[in-house]
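For reference, the chains in residue letters:
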Amino acid sequence: MTKRCGWVTEDALYQAYHDDEWGMPERDGRALFECLCLEGFQAGLNWLTILKKREGFRAAFAGFDPYVIAQWGADDVTRLLGDAGIVRHKGKIEATIGNAKAWIKVEEDEGFSDWIWSFVDGEPLKPCRAALSDVPAQTDVSERLSKALKKRGFRFVGPTTVYAFMQAVGMVDDHVDGCDWAVRPDR
């Protein structure tokens with residue numbers, strides 16, 4: 001029987017996300033942008049809600065192409081507020097447009113992926129958590145990255161959201177002891 005981290009439900013989509021994506025090091029800058037945006041939309045909601053709407057988000061946000069999104073304005077915000085395939089939150093939609101502009105600046109300056117990964121010296125942190133209760137909501141690193149993102153113009157990137165992002169993109173490997181993925185050789 002497969003053993004997973006305690007936050008995973010019986011939902012097949014959630015299981016596939018845990019098994020195939022969560023905690024796997026992501027180095028593609030645009031994929032990192034997508035994940036950061038989705039984590040921002042997740043704030044105050046359940047991650048499964050976002051997973052179920054992820055394809056709707058991808059369609060609504062032009063595949064999370066920051067160069068396209070950065071050109072959007074008030075009409076696009078209005079259009080997105082009418083899209084039942086996404087979480088319709090005006091502040092989060094506007095933040096995503098602004099975050100696309102901020103992403104482009106970081107990408108041009110130093111490469112978004114390189115910059116993000118520099119906060120963990122380019123390698124995933126492997127804290128070896130004994131139980132789900134040992135996994136923090138945020139860390140010193142997520143607080144530093146959150147402040148740095150905000151300084152660069154990003155929104156909806158508080159330290160808890162940023163820690164969830166870091167877990168999702170494999171900057172930190174928080175698969176707990178007893179989870180079959182905690183001992184995979186490709187980690």
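Residues numbered from 1 in each chain as written. Predicted model: local features only at pLDDT ≥ 70, side-chain atom pairs only at ≥ 80, totals over all residues. Heavy atoms only, no water.

For the chain, the name recorded in an unreviewed UniProt entry is DNA-3-methyladenine glycosylase I, with Donghicola mangrovi as its organism.

*Asks:* What's the story with the environment of G153 in this structure? I'm lost.
*Replies:* Positionally, G153 belongs in the loop between α8 (140–151) and α9 (159–168). With residues up to four places along the chain from it excluded, the contact list for G153 reads N99 and A102. (Helix = DSSP H or I, 4+ residues; strand = E, 2+ residues; numbered from the N terminus. Contact = heavy atoms within 4.5 Å.)

*Asks:* What should I look at first to understand helix α1 (residues 12–20) in this one?
*Replies:* Residues three or four positions apart in an α-helix share a direction because the helix packs 3.6 residues into each turn. Within α1, burial applies to Y14, Q15, Y17, H18 and D19. Where α1 is buried, its residues touch α3 (47–60) and α9. The N-cap of α1, judged by a side-chain oxygen 2.8 Å from the amide nitrogen of L13 a few residues on, is D11. (Buried < 20%, exposed > 50% of the residue type's maximum accessible area, 1.4 Å probe, protein only. Polar contact = N/O pair within 3.5 Å; in protein donor to acceptor, adjacent residues only side chain to side chain.)

*Asks:* Got a minute to help me understand α3 in this structure?
*Replies:* Taking 1.5 Å per residue as the helical rise, α3 with its 14 residues ought to reach 20 Å, and the 18 Å between its terminal C-alpha atoms agrees with that figure. For α3, the full list of buried residues reads W47, L48, I50, L51, R54, F57 and A60. Looking at the packing, one finds that the buried side of α3 touches α1, α2 (29–42) and α5 (74–81). Between the side-chain oxygen at the start of α3 and the backbone nitrogen of L48 there is a gap of 2.5 Å, and the oxygen is on N46. Among the residues trailing α3, A62 stands out with phi positive, at a value near 50°. (Expected span 1.5 Å × (residues − 1).)

*Asks:* Honestly, the UniProt feature "binding site: Zn(2+)" (unreviewed entry) in the chain in this entry has me stumped. Any pointers?
*Replies:* As recorded in UniProt, the sites labelled "binding site: Zn(2+)" (unreviewed entry) are C5, H18, H175 and C179. The greatest C-alpha distance among the annotated residues, which extend across 175 residues, is 10.5 Å, indicating that they converge on a single site. Summarising the element assignment, C5 is placed in the segment before α1. Residues within four places of C5 in sequence aside, it is in contact with H18, W22, D174, H175, V176 and C179. Among the structural elements, H175 can be located in the segment after α9. One polar contact links H175 to H18, side chain to side chain, over a distance of 3.2 Å. (UniProt positions renumbered as here; feature names shortened; annotations may be inferred.)

*Asks:* Would you take a moment to explain the environment of A31 for this structure?
*Replies:* Position of A31 relative to the elements: it lies in helix α2. What makes A31 partly exposed here is its relative accessible area of 26%. Between the alpha carbons of A31 and K3 there is a distance of 27 Å; along the sequence they are 28 residues apart.

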